[in-house]
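Architecture at a glance
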Amino acid sequence: MKKIDHVAIAVADLDAAESAYRDVMELEWEGREEVTGQKVMASIFNIGECRIELISPTSDESPIAGFIQKKGSGLHHICFEVDDIEAEMVKLKAKGARLLNETPAEGVGGSRVAFLHPKSGAGVLIELTVKGK
Ligand code: ZN
(Lines give C-alpha, C1' and ligand atoms only; values in the text may rest on other atoms or scores of the structure.)
Protein backbone atom coordinates (compact mmCIF):
# COMPACT_ATOMS: atom_id res chain seq x y z
CA MET A 1 0.00 0.00 0.00
CA LYS A 2 1.70 3.20 -1.19
CA LYS A 3 -0.60 6.07 -0.22
CA ILE A 4 -4.19 7.20 -0.07
CA ASP A 5 -5.25 7.76 -3.67
CA HIS A 6 -8.69 9.11 -2.91
CA VAL A 7 -11.54 9.28 -0.45
CA ALA A 8 -14.98 8.72 -1.97
CA ILE A 9 -18.17 10.23 -0.62
CA ALA A 10 -21.56 8.98 -1.81
CA VAL A 11 -23.94 11.86 -2.44
CA ALA A 12 -27.60 12.00 -3.34
CA ASP A 13 -27.39 15.55 -4.74
CA LEU A 14 -24.21 15.94 -6.80
CA ASP A 15 -24.72 19.63 -7.64
CA ALA A 16 -25.12 20.61 -3.99
CA ALA A 17 -22.17 18.48 -2.82
CA GLU A 18 -19.97 19.79 -5.64
CA SER A 19 -20.81 23.34 -4.67
CA ALA A 20 -19.89 22.66 -1.01
CA TYR A 21 -16.45 21.30 -1.89
CA ARG A 22 -15.73 23.72 -4.75
CA ASP A 23 -17.42 27.00 -3.80
CA VAL A 24 -17.45 26.84 0.01
CA MET A 25 -14.32 24.81 0.88
CA GLU A 26 -12.61 25.94 -2.33
CA LEU A 27 -10.91 22.66 -3.14
CA GLU A 28 -9.31 22.50 -6.60
CA TRP A 29 -11.98 21.03 -8.89
CA GLU A 30 -10.86 18.76 -11.68
CA GLY A 31 -14.25 18.06 -13.23
CA ARG A 32 -16.74 15.24 -13.61
CA GLU A 33 -16.24 11.79 -15.02
CA GLU A 34 -18.81 9.10 -15.61
CA VAL A 35 -17.79 5.58 -14.59
CA THR A 36 -20.18 3.46 -16.64
CA GLY A 37 -19.07 0.17 -15.06
CA GLN A 38 -20.21 1.38 -11.61
CA LYS A 39 -23.14 3.45 -12.94
CA VAL A 40 -21.91 6.60 -11.20
CA MET A 41 -20.96 10.17 -12.01
CA ALA A 42 -17.82 11.18 -10.12
CA SER A 43 -16.93 14.79 -9.34
CA ILE A 44 -13.22 14.95 -8.65
CA PHE A 45 -11.24 17.33 -6.42
CA ASN A 46 -7.50 17.53 -5.80
CA ILE A 47 -6.08 18.07 -2.35
CA GLY A 48 -2.33 17.54 -2.05
CA GLU A 49 -1.46 14.18 -3.57
CA CYS A 50 -4.91 12.89 -2.73
CA ARG A 51 -8.31 13.27 -4.38
CA ILE A 52 -11.80 13.58 -3.05
CA GLU A 53 -14.42 11.94 -5.25
CA LEU A 54 -18.07 12.80 -4.83
CA ILE A 55 -19.93 9.87 -6.35
CA SER A 56 -23.55 9.94 -7.32
CA PRO A 57 -25.62 7.14 -8.91
CA THR A 58 -26.65 7.52 -12.56
CA SER A 59 -29.08 4.60 -12.29
CA ASP A 60 -31.22 2.97 -9.59
CA GLU A 61 -29.24 -0.22 -10.21
CA SER A 62 -25.98 1.46 -9.20
CA PRO A 63 -24.49 0.02 -6.00
CA ILE A 64 -24.20 3.65 -4.85
CA ALA A 65 -27.98 4.09 -5.11
CA GLY A 66 -28.43 1.16 -2.71
CA PHE A 67 -25.82 2.58 -0.33
CA ILE A 68 -27.52 6.00 -0.19
CA GLN A 69 -30.93 4.40 0.30
CA LYS A 70 -29.63 2.42 3.28
CA LYS A 71 -27.24 4.89 4.90
CA GLY A 72 -27.78 8.29 3.27
CA SER A 73 -24.97 10.43 1.88
CA GLY A 74 -21.58 10.00 3.53
CA LEU A 75 -18.17 8.32 3.46
CA HIS A 76 -18.29 5.48 0.94
CA HIS A 77 -14.73 4.21 0.67
CA ILE A 78 -11.02 4.95 1.04
CA CYS A 79 -8.73 4.01 -1.81
CA PHE A 80 -5.11 2.88 -1.45
CA GLU A 81 -2.76 2.93 -4.40
CA VAL A 82 -0.74 -0.24 -4.93
CA ASP A 83 1.99 -1.26 -7.40
CA ASP A 84 0.68 -4.71 -8.25
CA ILE A 85 -3.04 -5.16 -7.69
CA GLU A 86 -3.13 -8.89 -8.52
CA ALA A 87 -0.31 -9.64 -6.07
CA GLU A 88 -1.99 -7.52 -3.37
CA MET A 89 -5.31 -9.36 -3.90
CA VAL A 90 -3.63 -12.75 -3.58
CA LYS A 91 -1.85 -11.65 -0.40
CA LEU A 92 -5.01 -10.23 1.21
CA LYS A 93 -7.01 -13.34 0.35
CA ALA A 94 -4.29 -15.55 1.84
CA LYS A 95 -4.53 -13.51 5.07
CA GLY A 96 -8.30 -14.10 5.24
CA ALA A 97 -9.56 -10.73 3.98
CA ARG A 98 -12.87 -10.72 2.08
CA LEU A 99 -12.48 -9.35 -1.44
CA LEU A 100 -15.51 -8.24 -3.44
CA ASN A 101 -13.82 -8.79 -6.82
CA GLU A 102 -12.28 -11.95 -8.21
CA THR A 103 -10.39 -9.87 -10.78
CA PRO A 104 -9.71 -6.10 -10.99
CA ALA A 105 -12.53 -3.95 -12.45
CA GLU A 106 -12.53 -0.69 -14.45
CA GLY A 107 -12.12 2.49 -12.35
CA VAL A 108 -11.87 6.25 -12.87
CA GLY A 109 -9.35 7.47 -15.47
CA GLY A 110 -8.54 4.06 -16.92
CA SER A 111 -7.32 2.72 -13.57
CA ARG A 112 -7.98 -0.83 -12.39
CA VAL A 113 -9.58 -1.36 -9.00
CA ALA A 114 -10.63 -4.02 -6.50
CA PHE A 115 -12.65 -3.75 -3.29
CA LEU A 116 -12.20 -5.18 0.16
CA HIS A 117 -15.40 -5.91 2.14
CA PRO A 118 -16.12 -3.40 4.96
CA LYS A 119 -15.97 -6.33 7.43
CA SER A 120 -12.28 -6.59 6.53
CA GLY A 121 -11.76 -2.81 6.83
CA ALA A 122 -13.13 -1.97 10.31
CA GLY A 123 -16.49 -1.02 8.83
CA VAL A 124 -15.13 0.96 5.88
CA LEU A 125 -15.08 -0.24 2.28
CA ILE A 126 -11.48 -0.26 1.03
CA GLU A 127 -10.57 0.12 -2.62
CA LEU A 128 -7.23 -0.82 -4.13
CA THR A 129 -6.13 0.88 -7.30
CA VAL A 130 -3.29 0.65 -9.74
CA LYS A 131 -2.78 3.46 -12.24
CA GLY A 132 -3.98 2.75 -15.78
CA LYS A 133 -1.55 1.15 -18.18
ZN1 ZN B 1 -12.82 4.93 -5.52
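Above this text sits the structure in question.
Attention here is on the structure that accompanies the text.

Each value, and the rule that gives it
Along each chain, the written sequence defines residue order, and numbers are assigned to residues from 1. Restriction of local features to residues with pLDDT of at least 70 applies here, the model being predicted, together with a cutoff of 80 or more for giving and counting side-chain atom pairs; totals for whole chains, interfaces and linings are based on all residues. Here the side-chain values reflect all heavy atoms present in the structure, with hydrogen atoms and water set aside. Exposed residues in this analysis have more than 50% of their type's maximum accessible area, buried residues have under 20%, and partly exposed residues fall in between, with area computed by a 1.4 Å probe over protein chains only. Helix and strand definitions follow DSSP, with helices as H or I runs of at least four residues and strands as E runs of at least two, each counted in order from the N terminus. Should DSSP find at least two bridges between two strands, the strands are regarded as paired. In this listing, donors mean N, O and S atoms no farther than 2.8 Å from the metal, or 3.2 Å for Na, K and Ca; water is missing from the atoms, so a site can look incomplete. Here a cavity denotes a set of grid points, spaced 1 Å apart and computed over the protein atoms alone, in which a 1.4 Å probe fits but from which it cannot get out, and a pocket denotes an open set meeting protein on both sides within 12 Å along at least five of seven lines; residues with an atom within 4 Å of a point are reported as lining. Grid points are joined across faces, edges and corners, and a volume is the space filled by probe spheres set on the points. Any residue that is not Ala, Val, Leu, Ile, Met, Phe, Trp, Tyr, Cys, Pro, Asp, Glu, Lys or Arg is counted as polar, Gly included; the first ten are nonpolar and the last four charged. Arc, as used here, means the arc of the directions from the helix axis to the C-beta atoms. In what follows, a contact means two residues having at least one pair of non-hydrogen atoms within 4.5 Å. Pairs of N or O atoms are called polar contacts if they sit within 3.5 Å, as long as, within protein, a hydrogen donor faces a hydrogen acceptor (for residues adjacent in sequence, only side-chain-to-side-chain pairs). The convention used is that axes are lines fitted to C-alpha atoms, helices contributing only their stretch in contact, and that angles between N-to-C directions extend from 0 to 180 degrees.

Next up on the list: the pairing of strand E7 (residues 112-116). E7 sits mainly inside the fold: four of its five residues count as buried. In this structure, strand E6 (residues 105-106) lies alongside E7, joined through two bridges in antiparallel fashion. Along E7, the bridge assignment pairs Glu 106 with Arg 112. Between E6 and E7, which follow one another and run antiparallel, lie five residues, and Gly 109 among them has a positive phi close to 65 degrees. The sheet contact formed by E7 and strand E8 (residues 125-130) spans five bridges and is antiparallel.

Right, let's talk about the coordination of the zinc ion for a bit. Here the zinc ion is held by His 6 (NE2), His 77 (NE2) and Glu 127 (OE), and the distances to it run 1.9 to 2.1 Å. Read in sequence order, the donor residues for the zinc ion give the motif H-x70-H-x49-E. On the criterion of sequence distance, the pair formed by His 77 in strand E5 (residues 74-81) and Glu 127 in strand E8 is long-range, its members being 50 residues apart. The exposure classification of His 77 matches that of Glu 127, with both residues buried.

With that settled, consider the layout of surface pockets. One water molecule sets the probe size; rolling that probe over the atoms shows where empty space is left. The volume enclosed by the largest pocket comes to roughly 690 Å³. For the lining of the largest pocket, the elements supplying multiple residues, two or more each, are strand E1 (3-10), strand E2 (28-35), strand E3 (40-47), strand E4 (50-57), helix H2 (63-71), E5, E7 and E8. Here the lining of the largest pocket takes five residues from H2, the largest share from any one element. In terms of residue class, the lining of the largest pocket is built from 16 nonpolar, twelve polar and nine charged.

Among all positions of helix H3 (residues 85-94), only Ile 85, Glu 88, Met 89 and Leu 92 are buried. Looking straight down H3, one finds its buried side chains confined to an arc of 100 degrees; they lie on one side. Away from its buried face by more than 90 degrees, H3 exposes Val 90 and Ala 94. Taken together, the buried residues of H3 touch E7 and E8. Where H3 starts, the residue carrying a side-chain oxygen 3.3 Å from the main-chain nitrogen of Glu 86 turns out to be Asp 84. Once H3 finishes, Gly 96 follows within two positions and takes phi at roughly 90 degrees, a positive value.

What follows covers the sheet that holds E6. A sheet is described by the order of its strands in space; here eight strands give the open sequence E2-E3-E4-E1-E5-E8-E7-E6, paired in mixed fashion. Edge positions in the sheet fall to E2 and E6, since each of these pairs with one other strand and no more. Sitting on the sheet, H3 is in contact with E7 and E8, with an inclination near 15 degrees to E7.

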